[in-house]
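The primary structure of each chain is shown beneath.
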Amino acid sequence: LDSRQFRDGEPDDTDEQYAEDRTILGTEQEAWIEQRLIDSPATWNLMANGVVLAAISEDRTDMWDGYPAARQRLLDVMSVSRNPVMLTGDIHRHVAAELKADFADPGSENVGVELICTSVASDGDGAPTDSYTDDWTQHEYVKLYDGRRGYVHVRLTPEEMVSSFYIVEWVEADDSAPRELRARFRTPADDPRLSPVTEELR
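Treat the numbers as computed from the prediction; the structure is a model and nothing was measured.

Novice: Help me understand the overall build of the protein chain, please; the structure alone is not making it clear to me.
Specialist: A tally of regular secondary structure across the protein chain gives four helices and nine strands. For the protein chain, whose C-alpha radius of gyration is 17 Å, the value lies close to the compact-globule estimate of 17 Å for 202 residues. Considering the protein chain as a whole, with its 202 residues, one finds that 49% of them fall into the buried category. Considering only residue pairs separated by 6 or more positions, the protein chain has 61% of its internal contacts joining residues 24 or more positions apart. Per element, the accessible surface of the protein chain, about 10,100 Å² overall, is 47% carbon and sulfur. Side chains of the protein chain carry 20 positive and 42 negative charges; the gap between the two charge centres is 8 Å.

Following this line, the structure appears as structure tokens:
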């Protein structure tokens with residue numbers, strides 16, 4: 001998804017931020033992805049996304065938080081599509097989050113999951129926690145937050161998705177840091193949740 005070229009400008013105030021006609025994708029692209037999700041016969045519908053979809057803070061207006069009406073339209077479509085998964089970058093951190101039908105109601109059902117992959121080297125070594133940790137982890141639907149470098153591996157079968165978040169402790173000193181499994185989640189088909197996996201996978 002191209003969330004940079006066709007978006008409305010960042011809002012001047014909360015009234016503008018919550019305007020129903022605001023879009024981050026542009027009307028043409030928004031209609032396109034909605035139709036693709038509705039028509040898709042796939043078991044899993046993966047979308048590549050430039051900025052964070054999950055609701056984190058009203059102050060983060062450069063992400064989908066700055067376009068809550070557009071986000072709600074997408075979530076509404078995700079709720080009637082099969083196994084939507086948002087694969088996101090941008091913030092140079094690992095995050096795993098469950099996407100709610102209505103973020104204003106934390107008890108609402110999950111409509112999908114978002115896997116946010118950290119950078120391979122940008123922003124230096126990073127750390128498990130940082131000045132943004134509390135903003136993210138205050139939400140029960142955020143199941144992982146880690147500011148170190150690494151990558152995400154996703155395995156799909158007709159029955160489930162397994163997402164594995166790998167990190168390295170350092171990238172600045174040299175290239176010898178060992179790979180570590182930071183977290184692993186299982187998402188059953190047709191049950192959009194992130195369940196921690198503790199046992200070894202075969």
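Novice: Sorry if this is basic, but what is going on with the sheet that holds strand E7 (residues 160–168) here?
Specialist: For sheets, the rule is that strands pair by backbone hydrogen bonds, running either parallel or antiparallel. Read across the open sheet, the four strands follow the order E6-E7-E8-E9; overall the sheet is antiparallel. Unpaired on one side and paired on the other, strand E6 (149–156) and strand E9 (195–196) mark the two borders of the sheet. Here strand E8 (residues 180–188) runs beside E9; their pairing, made up of two bridges, is antiparallel. When the sheet's bridge partners are listed, Phe-185 is paired in E9 with Pro-196.

Novice: Where do I start with empty space enclosed by the protein in this structure?
Specialist: Counted under the stated rule, the structure contains two cavities of 30 Å³ or more. Residue lining of the largest cavity: Leu-25, Glu-30, Ile-33, Glu-34, Trp-64, Ala-70, Arg-73 and Leu-74, and that is the complete set. Looking at the lining of the largest cavity, the elements that each hand over two or more residues are helix H2 (27–39) and helix H3 (68–78). Considering only residue class, the lining of the largest cavity consists of five nonpolar, no polar and three charged. Elements that contribute at least two residues to the lining of the second largest cavity include exactly strand E2 (84–88), strand E4 (110–116) and E8. Taken together, the residues of the lining of the second largest cavity break down into six nonpolar, three polar and no charged.

Novice: Before we go on, may I ask you to explain the layout of surface pockets in this structure?
Specialist: Where empty space is left can be seen by rolling a probe of water-molecule size over the atoms. The space that makes up the largest pocket amounts to roughly 330 Å³. Taken together, 18 residues form the lining of the largest pocket, with Tyr-18, Ala-55, Arg-71, Phe-103 and Ala-104 sitting closest to its centre. Per-element accounting of the lining of the largest pocket gives the leading share, five residues, to H3. The class makeup of the residues in the lining of the largest pocket is ten nonpolar, four polar and four charged.

Parameters at a glance
- Residues numbered from 1 in each chain as written.
- Predicted model: local features only at pLDDT ≥ 70, side-chain atom pairs only at ≥ 80, totals over all residues.
- Heavy atoms only, no water.
- Helix = DSSP H or I, 4+ residues; strand = E, 2+ residues; numbered from the N terminus.
- Rg over C-alpha atoms; globule rule 2.2 N^0.38 Å.
- Buried < 20%, exposed > 50% of the residue type's maximum accessible area, 1.4 Å probe, protein only.
- Contact = heavy atoms within 4.5 Å.
- Areas by Shrake-Rupley, 256 points an atom, 1.4 Å probe, with all protein chains shown as cover.
- Lys, Arg positive; Asp, Glu negative; His and termini not counted.
- Charge placed at Lys NZ, Arg CZ, Asp CG, Glu CD.
- Pairing = 2+ DSSP bridges.
- 1 Å grid on protein atoms, 1.4 Å probe; cavity = no way out; pocket = protein on both sides within 12 Å on 5 of 7 lines; lining within 4 Å.
- Points joined across faces, edges and corners; volume = space filled by probe spheres on them.
- Nonpolar A, V, L, I, M, F, W, Y, C, P; charged D, E, K, R; others polar.

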